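Descriptive structure summary
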Amino acid sequence: DTAVSQTPKYLVTQMGNDKSIKCEQNLGHDTMYWYKQDSKKFLKIMFSYNNKELIINETVPNRFSPKSPDKAHLNLHINSLELGDSAVYFCASSPGGSEETQYFGPGTRLLVL
Amino acid sequence: GIQVEQSPPDLILQEGANSTLRCNFSDSVNNLQWFHQNPWGQLINLFYIPSGTKQNGRLSATTVATERYSLLYISSSQTTDSGVYFCAVERNQGGKLIFGQGTELSVKP
């Protein structure tokens, strides 16, 4: 019973390519997030969607575009990949309401060569 | 923006020992969570604890919101407790969690 799932788990690609990472949650949560974890394990929020609406958009290059086709899915598309995009990308979700516990997916390890 | 500082940055324990991890934050918060990132990279939510004390097995956490710190206690540590422990806070920003830099724990058999 996977709560928050991401595909693919690993992604190795060349500079300049375009790639997508998919995220799905089966928890019935209203809010979903994308985080980036760098090589020093620092975690930073990138985007957040609530019921398919963008509510948090941090200072992220516009090569990164999130898309939420429905409230159970939040995908991340990255254009013109750069070496500095290499990182682990985590999707998360939270139920909304008074307790905003966030549940994280397994992560997607992206390596740009 | 709000600053989150965790201490110590690294900790090595013998199996069976107890430990306390600390998280200081620079402003009032409405959300504080502790996470464990295991050696395989999975982030597991341990506690949602903006204030008060909670316990779950060998782990417990206390947040003193008025003094802007939280503590995570690990008792009778096991090798499976190894990994990085993160504290993350939010200040009324629709779920925008700000993470500390983590405490890397290694439990030796």
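Residues numbered from 1 in each chain as written. Chains lettered and ligands numbered in written order. Predicted model: local features only at pLDDT ≥ 70, side-chain atom pairs only at ≥ 80, totals over all residues. Heavy atoms only, no water.

**Description of the interface of chain B and chain A**
- Contacts between chain B and chain A engage 17 residues on the former and 20 residues on the latter.
- Summed over both sides, the interface of chain B with chain A buries roughly 1600 Å², with 56% coming from carbon and sulfur.
- It is Leu43(B), Tyr48(B) and Phe99(B) that lose the most area in chain B upon contact with chain A, and together they represent 30% of the buried surface on that side.
- For the interface between chain B and chain A, the tally reads one salt bridge.
- Where Lys96(B) meets Glu58(A), a salt bridge forms, and the shortest distance between an N and an O atom there is 3.1 Å.
- Mapped onto the side of chain B that touches chain A, the elements with two or more residues apiece are β4 (31-37), β5 (43-48) and β9 (83-90) of chain B.
- When residues of the side of chain B that touches chain A are assigned to their parent elements, the largest contribution, four residues, is made by β4(B).
- Among the residues forming the side of chain B that touches chain A, the class breakdown is seven nonpolar, nine polar and one charged. (Contact = heavy atoms within 4.5 Å. Buried area = accessible area lost by both parts, 1.4 Å probe. Salt bridge = Lys/Arg side-chain N within 4 Å of Asp/Glu carboxyl O. Helix = DSSP H or I, 4+ residues; strand = E, 2+ residues; numbered from the N terminus. Nonpolar A, V, L, I, M, F, W, Y, C, P; charged D, E, K, R; others polar.)

**Things to note about the environment of Ser20(A)**
All names here are of chain A.
- Mapped onto the secondary structure, Ser-20 falls in strand β3 (residues 19-25).
- When the C-alpha positions of Ser-20 and Pro-66 are compared, they lie 9.4 Å apart, and in sequence the two are 46 residues distant.
- Apart from the residues within four sequence positions on either side, Ser-20 is in contact with Pro-8, Leu-11, Leu-76 and His-77.
- At 2.5 Å, the side chain of Ser-20 and the side chain of His-77 are in polar contact. (Polar contact = N/O pair within 3.5 Å; in protein donor to acceptor, adjacent residues only side chain to side chain.)

**Structural notes on the pairing of strand β7 (residues 64-70) of chain A**
Residues and elements named next belong to chain A.
- Here β7 runs beside strand β8 (residues 73-78); their pairing, made up of five bridges, is antiparallel. Residue Asp-70 lies in a different strand from β8, and its bridge partner there is His-73.
- As consecutive antiparallel partners, β7 and β8 are separated by two residues. (Pairing = 2+ DSSP bridges.)

**What to know about the sheet that holds β7(A)**
Residue and element names in this part refer to chain A.
- If you walk across this open sheet you meet the four strands as β1-β3-β8-β7, and the pairing is antiparallel. Only two strands of the sheet have a single partner each, and these edge strands are β1 (4-7) and β7. Strand-to-strand twist of the sheet, defined as the mean angle between neighbouring strand axes without regard to direction, takes the value 20°.
- Bridge analysis of β3 against β8 gives four bridges, and the strand direction is antiparallel. By the bridge assignment for β8, Glu-24 is matched with His-73. (Axes fitted to C-alpha atoms, helices over the stretch in contact; angles between N-to-C directions.)

Keep in mind these values describe shape, not function.
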